[in-house]
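# Commentary on secondary and tertiary structure
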Amino acid sequence: SDWQRPSIELDGQTYAYPLRAGISSFGAGGSNAHILVEEYVKPAQKQDVKAANQAIFVLSAKSAERLDAQIDSLLSFLNKAETQKEAENEGFLTDLAYTLQVGRDSEAERIAIVAASLEELISGLTLAANGTASDSVLRGSLNGDAQQLEAMLDEQERNDLVDSFISKRNLHGMANAWVSSINVEWQQVKAALYHPHKPGRISLPDTKLFTKRCWI
């Protein structure tokens, strides 16, 4: 059975403490090592992205086929019962959007969904999986002429464009620019984009890589 966190009652309140364990290693020559490990306890939850109205959820891949696989994988993850329960916690959507933005490199095939709730995000991913167009589901490819917009702007002009989107809370414009080839430095705009919230990274499904058989 699962280990239960130790708890004590003090002044009428129950306090739970993280699980801790000691690990020892003994060598034949007499040397030994000992470490203490402690369970990770997630920090106090933050306000949900709903307080900021909307957020941009991004996915990208090297090919359209791999991007479709990423969409299906995230959709399956969000529909799991345990994820649905986790989504009830404040801060989940904020952390999800932030993790998708900074946790992976931006590849050529891109999709961005602007949503304010888990239901809206799942709906957008479902539309994307079915190839249905929507104002909140933006898809683009950086192959060919699509990279011209990025090439036409220097770093300052690109930063000014992104700052303009943030100051006006024009997330649809920002999402459209990203799928159209403008590379957004998500880590650098974190404070402005999520203020006053402080998002963190969460565990998400692995990137769906292309499988190729090679016979030698």
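Everything discussed here concerns the structure shown above.
Residues numbered from 1 in each chain as written. Predicted model: local features only at pLDDT ≥ 70, side-chain atom pairs only at ≥ 80, totals over all residues. Heavy atoms only, no water.

Excluding glycine, most residues fall at negative phi; most peptide bonds, likewise, are trans. Its identity as a non-glycine residue notwithstanding, R169 has a phi of 55 degrees, on the positive side. Tracing the sequence through the fold places R169 in the loop between α6 (155-167) and α7 (171-180). Residue R169 is classed as partly exposed on the basis of its relative accessible area of 35%. Positioned with a positive phi, S181 is a non-glycine residue whose angle comes to about 130 degrees. Mapped onto the secondary structure, S181 falls in the loop between α7 and α8 (190-194). (Helix = DSSP H or I, 4+ residues; strand = E, 2+ residues; numbered from the N terminus. Buried < 20%, exposed > 50% of the residue type's maximum accessible area, 1.4 Å probe, protein only.)

Taken together, the side chains of I8, L10, Y15 and Y17 present a nonpolar region at the surface, about 370 Å² in accessible area. Its place among the elements puts L10 in strand β1 (residues 7-10). On the basis of relative accessibility, which here comes to 47%, the residue L10 falls in the partly exposed class. (Patch = residues over 30% accessible without salt bridge, like charges linked within 9 Å, V, L, I, M, F, W, Y side chains within 5 Å. Areas by Shrake-Rupley, 256 points an atom, 1.4 Å probe, with all protein chains shown as cover. Salt bridge = Lys/Arg side-chain N within 4 Å of Asp/Glu carboxyl O.)

Once that is clear, we can look at the pairing of strand β4 (residues 32-38). Bridge analysis of strand β3 (residues 20-26) against β4 gives 7 bridges, and the strand direction is antiparallel. Residue pairing for β4: R20 is matched across the bridge by E38. The loop that links β3 with its antiparallel partner β4 comprises 5 residues; one of these, G30, has a positive phi angle of about 105 degrees. (Pairing = 2+ DSSP bridges.)

The antiparallel open sheet is built from 3 strands, whose spatial order is β5-β6-β7. Both outer strands of the open sheet, β5 (55-61) and β7 (137-141), are each paired with one neighbouring strand and no more. Strand-to-strand twist across the sheet, computed as the mean angle between neighbouring axes with direction ignored, equals 15 degrees. Pairing of β5 with strand β6 (residues 109-115) involves 7 bridges; the strand directions are antiparallel. Of the residues in β6, the one forming a bridge with I56 is V114. Across the sheet, helix α4 (residues 118-129) touches β5, β6 and β7, and the angle it forms with β6 is around 145 degrees. (Axes fitted to C-alpha atoms, helices over the stretch in contact; angles between N-to-C directions. Contact = heavy atoms within 4.5 Å.)

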